Amino acid sequence: SPTFLKLQYPSLYLHHRLIFPTEELTACELETTMELLKQPHHCFLVFLFGLVLLFPAALSWKDAVTHVHQFVIQEASVKRLCKTQHVMTVNGMYPGPTLEIKNGDTLSVKVINKGKYNITIHWHGVRQMRTGWADGPEFVTQCPIRPGGSYTYRFTVRGQEGTLWWHAHSTWLRATVYGALLIQPREGTNFPFAKPNRQSTLLLGEWWNANPVDVVREATRTGAAPNISDAYTINGQPGDLYNCSKQGLFSYTVVVPISSGETNLLRVVNSAMNQPLFFTIANHKFTVVGADASYVKPFTTSVLMLGPGQTTDVLISGDQTPGRYYMAARAYQSAQNAPFDNTTTTAILEYSKSSSAAKPIMPRLPAFNDTPTVTAFSTSFRSREKALVPAQVDENLFFTVGLGLNRTQQCQGPNGTRFTASMNNVSFSLPSNFSLLQAHKQGIRGVFTTDFPAAPPRVFDYTGNVSRSLFQPATGTKLYRLKYGSRVQVVLQGTSIVTPENHPIHLHGYDFYIIAEGFGNFNPKTDSSKFNLVDPPLRNTAAVPVGGWAVIRFVADNPGVWLMHCHLDVHITWGLAMAFLVEDGVGKLEAIEPPPEDLPICS
């Protein structure tokens, strides 16, 4: 099969792709072909098939474009909720600019830091094949861009279409430093559904009447949970339902146009810091067609739930009486007794020829703790085509994910403790003198270890009444080593330590198949029968159910150091993270590219 060839015999896989091309060859595959031509034992096959097929593929690749942008990180005054805050922005915009490319295009984004904080930019969901230096997480793949410094992120997006996004990956700067990355179908192809009349992007966010960096610094100082946000936003605006909005002094509502009879594509991104969100539109249904830049089998729903980091592409039809309809988002709160922002943000879906003075119709939103609705939604996702999910695995890993309490310090957490979090009882600590990728490639000792456990150190009733003796994790900078091409399964098991919660787990540098999810403790004897190895969804962020588990699979075909973490920023701040070290394969085409000359240094 093509998958077997790709994993075991990459050069033969290329021959297969040359003979039976399901899509144009990527630039990487063209480069691979040139490498193979230098090897006598491949020369005949490549020559024979290349004469017929390589030239047309090269012609199609000529349409790929390099998009050049400049991001200036700078402070700007932004007024929301009748208060002005001085926040970090890109090019003075909140949210930042939307980037639009086609599958196969290259991005070159020069980031110039004119702000007062160190910063990096992460391109959330981009595979970064062999370009891990451009991934962006601070002290993982690069040292930060210091005030006055600059760095150019260069990478090509291949085999991904739909909606991704970019955001700061330093402290809590992503509260205001974020934007959309739209990937249109590659040149000469179309959507796998009827072309929409319009496309609109909706970025769901959070707003504090404070400097978000100060919010997290105060929480770190005290050991308590950070203050909750003061509002949610849609494209940076809170909407009509907040007290300040009612004064009529400012425009706080985003308006999305639609005409009767249209079918439009909405790209919805949860770019909030710490809150999974429900999203719905009054009197309208969604047809879900994509998620995390992968197409899915279409299904219909009246409500979406996105964890922070996730994207969902939906079609909506202009099939209602012309008028104005609220689009609304509010919290899905799965952690019991934890404070949260219980407000609702709105935008308006406005039909053409409707009166702008008409009062919008308000939708019904699920209850804050409506886990059954979340489960029905999350389990509806299927890949559009038969998935190339590994049928067998080389690495069978079991990771607990959850909170903890540190009792060694007198702090302002529960009973004088400090909040912490961990995976497999290891609370992840970032280095400060080198990035992990730099230390790996340069052989710098003492920065990390490769003894992250493949399973928790103790087996216990993960979602039951957990002993207090298990509340305090160890701290470390531990990585898990993977051989290039290994087939990996990870069971992500939530715990009830402190409180069970829905955890959006994001893996950098990879997409993965979510082959099953459920509640309680994962049981390999009974739950393995639930695995979907036919058409599981391909995602980059998995929402692990509250008090439950999710199982993911992927092939380790992208060398480098790749962070896996909870995308609730409060949790990664507390240490709910780990990293995979994926070794190089054979030859330079199975190895990470050399670091760019302008890669920031840590000194």
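Reading the values: rules and limits
- Residues numbered from 1 in each chain as written.
- Predicted model: local features only at pLDDT ≥ 70, side-chain atom pairs only at ≥ 80, totals over all residues.
- Heavy atoms only, no water.
- 1 Å grid on protein atoms, 1.4 Å probe; cavity = no way out; pocket = protein on both sides within 12 Å on 5 of 7 lines; lining within 4 Å.
- Points joined across faces, edges and corners; volume = space filled by probe spheres on them.
- Helix = DSSP H or I, 4+ residues; strand = E, 2+ residues; numbered from the N terminus.
- Nonpolar A, V, L, I, M, F, W, Y, C, P; charged D, E, K, R; others polar.
- Salt bridge = Lys/Arg side-chain N within 4 Å of Asp/Glu carboxyl O.
- Pairing = 2+ DSSP bridges.
- Axes fitted to C-alpha atoms, helices over the stretch in contact; angles between N-to-C directions.
- Core = buried A, V, L, I, M, F, W, Y, C linked by side-chain atoms within 4.5 Å.
- Buried < 20%, exposed > 50% of the residue type's maximum accessible area, 1.4 Å probe, protein only.
- Contact = heavy atoms within 4.5 Å.
- Polar contact = N/O pair within 3.5 Å; in protein donor to acceptor, adjacent residues only side chain to side chain.
- Arc of directions from axis to C-beta.
- Phe/Tyr/Trp six-rings, centres within 6.5 Å; stacked < 30°, edge-to-face > 60°.
- Lys NZ or Arg CZ within 6 Å of the ring centre and 35° of its normal.

In the annotation of an unreviewed UniProt entry, the protein is listed under the name laccase and assigned to Linum tenue.

Draft legend 1. Focus on the layout of surface pockets. Approximately 1000 Å³ is the volume found for the second largest pocket. Taken together, the elements giving at least two residues each to the lining of the second largest pocket come down to strand 7 (162–168), helix 5 (212–222), strand 21 (418–423), strand 22 (426–428), strand 31 (560–566) and helix 9 (569–574). Ranked by the residues each element gives to the lining of the second largest pocket, the list is headed by helix 5, at five residues. Its residues assigned to classes, the lining of the second largest pocket shows 16 nonpolar, 17 polar and five charged.

Draft legend 2. Expanded view of the pattern of salt bridges. Scanning all chains against the criterion turns up 17 salt bridges. Its salt-bridge partner being Glu218, residue Arg221 comes within 2.7 Å of it at the nearest N-O pair. Note that Arg221 and Glu218 are positioned in helix 5 at a spacing of three residues, about one turn of the helix. A salt bridge links Asp451 to Lys478; its shortest N-O distance comes to 3.1 Å. Of this pair, Asp451 sits in the loop between helix 7 (436–442) and strand 23 (474–476) while Lys478 is found in the loop between strand 23 and strand 24 (479–482), placing the two residues 27 residues apart along the sequence. One salt-bridge network, in which partners are shared between bridges, spans Lys297, Arg382 and Asp535.

Draft legend 3. Here's a closer look at the sheet that holds strand 1 (residues 66–80). Pairing within the open sheet is mixed, and its four strands lie in the order 2-1-4-6. Taken across any chain shown, the strands that pair with only one partner, and hence form the sheet edges, are strand 2 (83–90) and strand 6 (150–156). Averaged over neighbouring strand pairs, the angle between their axes works out to 25 degrees when direction is ignored. Strand direction decides the pairing type here: strand 1 and strand 4 (residues 106–113), joined by eight bridges, are parallel. If you follow Thr66 over to strand 4, its bridge partner there is Thr106.

Draft legend 4. Here's a closer look at the nonpolar core. Phe399, Met423, Val490, Leu492, Phe554, Met564 and Phe580 are the most contacted members of the largest nonpolar core, which totals 59 residues. Contact partners of Phe580, with chain neighbours within four places excluded, come to Leu397, Phe399, Tyr480, Leu482, Val490, Leu507, Phe554, Gly560, Val561, Trp562 and Met564. Core analysis: the next-biggest nonpolar cluster, separate from the first, contains 53 residues, Tyr178, Val254, Val303 and Ala329 among them.

Draft legend 5. Structural view of empty space enclosed by the protein. One pass over the full model with this rule turns up five cavities of 30 Å³ or more. Put simply, the largest cavity is a space of about 60 Å³. Along its surface, the largest cavity is lined by Glu75, His86, Val87, Met88, Lys116, Tyr117, Trp172, Leu173, Thr176, Asn211 and Pro212. Looking at the lining of the largest cavity, the element that brings in the most residues is strand 2, giving three residues. Per-class residue counts for the lining of the largest cavity are six nonpolar, three polar and two charged. What the second largest cavity holds in volume is close to 50 Å³. At the level of secondary structure, the elements contributing two or more residues to the lining of the second largest cavity comprise strand 12 (263–270) and strand 14 (286–291). Partitioning the lining of the second largest cavity into residue classes produces six nonpolar, two polar and three charged.

Draft legend 6. Structural context of helix 5. Those residues of helix 5 that sit buried are Pro212, Val213, Val215, Val216, Ala219 and Thr222. Considering only its buried residues, helix 5 is in contact with strand 21 and helix 9. Of the residues flanking the start of helix 5, the one acting as N-cap is Asn211, its side-chain oxygen 2.9 Å from the backbone nitrogen of Val213. One or two residues past the end of helix 5 sits Gly223, with phi positive at roughly 85 degrees.

Draft legend 7. Spatial organisation of helix 6 (residues 371–378). When we look at burial in helix 6, the residues that qualify are Thr371, Val374 and Phe377. Viewed along the axis of helix 6, the buried residues span an arc of 125 degrees, placing them on a single side of the element. Its buried side turned inward, helix 6 meets strand 13 (277–281), strand 14, strand 15 (294–301), strand 16 (304–306) and strand 27 (512–519).

Draft legend 8. Broad picture of the packing of aromatic side chains. A full pass over the atoms with the stated rule returns 29 aromatic pairs. Look at Phe71 and Trp123: their rings are 6.1 Å apart centre to centre, the planes differ by 35 degrees, and that puts the pair in the tilted class. In this pair, Phe71 is assigned in strand 1 and Trp123 in strand 5 (residues 121–124), connecting sequence segments 52 residues apart. A connected cluster of aromatic rings, assembled from ring pairs, spans Phe399, Phe452, Tyr480, Tyr510, Phe554, Trp562 and Phe580. One Lys or Arg, Arg330, reaches over the ring of Phe368 and ends 4.4 Å from the middle of that ring.

Draft legend 9. Local environment of the sheet that holds strand 31. If you walk across this open sheet you meet the five strands as 24-32-31-26-29, and the pairing is mixed. The two strands at the open ends of the sheet, each matched to only one other strand, are strand 24 and strand 29 (541–544). Each adjacent strand pair in this sheet contributes to an overall mean axis angle of 20 degrees, direction not counted. Looking at chain direction, strand 24 and strand 32 (residues 577–582) are connected through four bridges and run parallel. The partner of Arg481 across the bridge, within strand 32, is Leu581.

Draft legend 10. Representation of unusual backbone geometry within the structure. Of note, the amide linkage connecting Tyr94 to Pro95 takes the cis form, showing an omega dihedral of -10 degrees. In this fold, Pro95 is placed in the loop between strand 2 and strand 3 (99–102). Positive phi is not limited to glycine here, since Asn235 has a value of about 50 degrees. Within the fold, Asn235 resides in the loop between strand 10 (231–234) and strand 11 (255–258). Despite not being glycine, Asn337 shows a phi value in the positive range, around 65 degrees. Tracing the backbone shows Asn337 in the loop between strand 18 (324–331) and strand 19 (344–351).

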